[in-house]
Amino acid sequence: MLGTILLLLALAKPVCPSPASAASRRAEALKRLLEVFGMEDPPPSPAHFKQPPQYMVDLFNTVANADGVTKNPRILEGNTVRSFLDKTHDEKMRFLFVLSSVAKNEKILTAELHLFRLWPRATDRPKRQHFCQVSVYQVLEKSEPDAPGGKKLLAARLVSLQGSGWEVFAITQAVRDWTEDESSNRGLLVTVQGLGGSPLDPPPLQFASGRDHHESKKPMLVLFTDDGRRGASLPMAGFPGGSHMSVPKPTGPRSTRSLDRLQPCQRHPLSVDFEEIGWSGWIISPRGYNAYHCKGSCPFPLGENMRPTNHATVQSIINALKLSEGVSSPCCVPDKLYSINLLYFDDDENVVLKQYDDMVAGSCGCH
């Protein structure tokens, strides 16, 4: 967390920098901030305006508040949710999802196929059936999926013939196969049959396709993964100024730093504006967040309001009584950290929800 705060402070405008040093400092700070978010380069902004899938927007609003801060860390399975839209656009019951953006280190937890069920078409047949059987297959032989061994059943269940709405099918094993061997991804096949497995022609139930229906109803694969990242702290070696970054000193009879030493340890705002950083083109939500930072003194004796650890209390006593040389007073640091969530477009313009640990100082204490 300290590394992250120093990076954010480095993005602030220094008082008297040379243009070259300011640009270099900003570029290095942005590079390190990208590393905090697990990226080498910022994804390009979508070429045209794209509406993110409503499911992903709703999931973000369920997991996080308006500033992206996690409301309940137990809602998400893993720390990453990726959405992929169907790439076939020609066959209504065949679907293909390109998963090249899934990193090798991501553990596949759950994969779901989301299909929008359209209102049943009017038919001349007697309306005796209220349900039909929908089956989802992993295609093994692209040219002849109906041949023996041409497909593998992933999920099957009864679906109502009344009304419309989203249907979700588990396809985790197929996605694990595809991420292990990208060439094995020959897509999915969906069939609609009668209750006894009898063919229905034409099928009374249809799903929205990527070609003929509104963006909000397009077939979608939702993938829950975990990349193993826990905590976002970065070593500061090699960063301009390192952990001893110079902060401009204001002029006047009494500097802000001396006033800080008189103020007790407490939390202060630290705003992160993605538009100002230049990332608003690919980050959907939030537009920014308050990281907060801790500042102030930890004078002897440490009160309970300063939330000291036992070690900090002992250190404060040793410092106050000068019992040992070189022992400083305890430091004002975050003692509770919260995660934030980003909803953004990746390099392939897929929408991703990702959770990052230790990004907001929840409270401060003397440690």
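Criteria and cut-off values
Residues numbered from 1 in each chain as written. Predicted model: local features only at pLDDT ≥ 70, side-chain atom pairs only at ≥ 80, totals over all residues. Heavy atoms only, no water. Helix = DSSP H or I, 4+ residues; strand = E, 2+ residues; numbered from the N terminus. Contact = heavy atoms within 4.5 Å. Areas by Shrake-Rupley, 256 points an atom, 1.4 Å probe, with all protein chains shown as cover. Disulfide = S-S within 2.5 Å. Buried < 20%, exposed > 50% of the residue type's maximum accessible area, 1.4 Å probe, protein only. Phe/Tyr/Trp six-rings, centres within 6.5 Å; stacked < 30°, edge-to-face > 60°. pLDDT = per-residue confidence, 0-100. Salt bridge = Lys/Arg side-chain N within 4 Å of Asp/Glu carboxyl O. Arc of directions from axis to C-beta. Pairing = 2+ DSSP bridges. Axes fitted to C-alpha atoms, helices over the stretch in contact; angles between N-to-C directions. Patch = residues over 30% accessible without salt bridge, like charges linked within 9 Å, V, L, I, M, F, W, Y side chains within 5 Å. Lys, Arg positive; Asp, Glu negative; His and termini not counted. Charge placed at Lys NZ, Arg CZ, Asp CG, Glu CD.

Enquirer: For this particular structure, what's the right way to read the overall build of the protein?
Expert: Counting its regular elements, the protein contains seven helices and 15 strands. Taking the intrachain contacts of the protein between residues at least 6 apart in sequence as the baseline, contacts between residues at least 24 apart amount to 74%. Only carbon and sulfur atoms are counted for the fraction: they give 52% of the accessible area of the protein, which is about 19,800 Å².

Enquirer: Looking at this structure, how should I read the state of the cysteines?
Expert: Covalently bonding the sulfur atom of one cysteine to the sulfur atom of another cysteine gives a disulfide. In this structure the tally under the stated criterion is three disulfides. A sulfur-sulfur distance of 2.0 Å marks the disulfide that ties Cys294 to Cys364. On the sign convention where negative means left-handed, the S-S torsion of about -80° between Cys294 and Cys364 marks this disulfide as left-handed. Here Cys364 lies in strand β15 (residues 351–366) and Cys294 lies in strand β13 (residues 293–295), a separation of 70 residues in the sequence. Comparing Cys294 with Cys364, the two get one shared label, buried. Paired through a disulfide, Cys298 and Cys366 show a sulfur-sulfur distance of 2.1 Å. Judged by the torsion about the S-S bond (-90°), the Cys298/Cys366 disulfide is left-handed. With Cys298 in the loop between β13 and α7 (310–320) and Cys366 in strand β15, this residue pair connects regions lying 68 residues apart in the sequence. According to the relative accessible area criterion, Cys298 is buried, its value standing at 4%. Assessed through its relative accessible area of 0%, Cys366 is described here as buried.

Enquirer: What is the right way to look at the packing of aromatic side chains in this model?
Expert: The geometry of two aromatic rings is summed up by the distance between their centres and the angle between their planes. Tallied over the full model, the rule gives eight aromatic pairs. Both rings, one in Phe37 and one in Tyr356, keep their centres 4.9 Å apart while their planes meet at 90°; by these two values the pair is edge-to-face. Of the two residues, Phe37 sits in the loop between α2 (19–36) and α3 (54–63) while Tyr356 sits in strand β15, which places them 319 residues apart along the sequence. Look at Phe37 and you get buried, because its relative accessible area is 2%. By relative accessible area, which is 3% here, Tyr356 ends up buried. Consider the rings of Phe274 and Trp279, whose centres lie 6.2 Å apart with planes at 15°: the pair is stacked. Judged by relative accessible area, which is 4%, Trp279 ranks as buried.

Enquirer: Mind showing me how you'd approach the confidence of the model for the protein here?
Expert: When pLDDT drops low, the exact placement of atoms in the prediction is not to be read closely. Here the protein shows a mean pLDDT of 82. Residues at 70 or above account for 81%. Long-range and interchain partners of residues 232–252, a stretch whose pLDDT sits below 50, account for 38 contacts in this model, where long-range means more than four residues apart.

Enquirer: Just checking my understanding: could you explain the pattern of salt bridges for this structure?
Expert: When the charged atoms of two side chains with opposite charge come close together, those side chains can pair. Using the criterion set out here, one finds eight salt bridges in the structure. Taking the shortest distance from any N to any O, the salt bridge between Glu28 and Arg32 comes out at 3.6 Å. Residue Glu28 and its partner Arg32 are both found in helix α2; the two are separated by four residues, about one turn of the helix. Using a relative accessible area of 22% as the deciding quantity, one classes Glu28 as partly exposed. Through salt bridges with shared partners, a single network forms among Arg82, Glu106 and Asp346.

Enquirer: Would you mind going over α7 with me for this structure?
Expert: Note that an α-helix has 3.6 residues per turn; residues three or four places apart therefore point the same way. The set of residues buried in α7 consists of Ala312, Gln315 and Ser316. Along the axis of α7, the buried residues cluster in a sector spanning 105°; they form a single face. Exposed residues lying more than 90 degrees from the buried face of α7 are Asn310 and Val314. On its buried face, α7 is in contact with β15.

Enquirer: Where do I start with the sheet that holds strand β8 (residues 220–226) in this structure?
Expert: Each strand in a sheet pairs with its neighbour through backbone hydrogen bonds, running either in the same direction (parallel) or in the opposite one (antiparallel). Spatially, seven strands are ordered β6-β3-β8-β1-β15-β14-β11 in an open sheet, and the strand pairing comes out antiparallel. Two strands in the sheet have a free side with no partner beyond their single neighbour: β6 (165–170) and β11 (283–285). Across the sheet, the mean angle from the axis of one strand to that of its neighbour is 30°, orientation sign disregarded. Sheet analysis places strand β1 (residues 80–85) next to β15, joined by three bridges and oriented antiparallel. Note on β15: the bridge partner recorded for Arg82 is Val352. Contacts from helix α4 (residues 172–180) reach β3 (107–117), β6 and β8, with the element oriented near 120° to β3.

Enquirer: Would you explain a negative patch on the surface in this entry?
Expert: Together, Glu35, Glu40, Asp41, Asp347 and Asp348 line one region of the surface with negative charge. With respect to the helices and strands, Glu40 occurs in the loop between α2 and α3.

Enquirer: Mind showing me how you'd approach the environment of Pro264 here?
Expert: Summarising the element assignment, Pro264 is placed in the loop between α5 (256–262) and β9 (266–268). Under the relative-accessibility criterion, Pro264 is labelled partly exposed at 36%. A sequence separation of 42 residues divides Pro264 from Met306, and the C-alpha atoms of the two residues are 7.9 Å apart. Among all residues touching Pro264, those that are not within four sequence positions of it are Lys295, Gly296, Ser297 and Met306.

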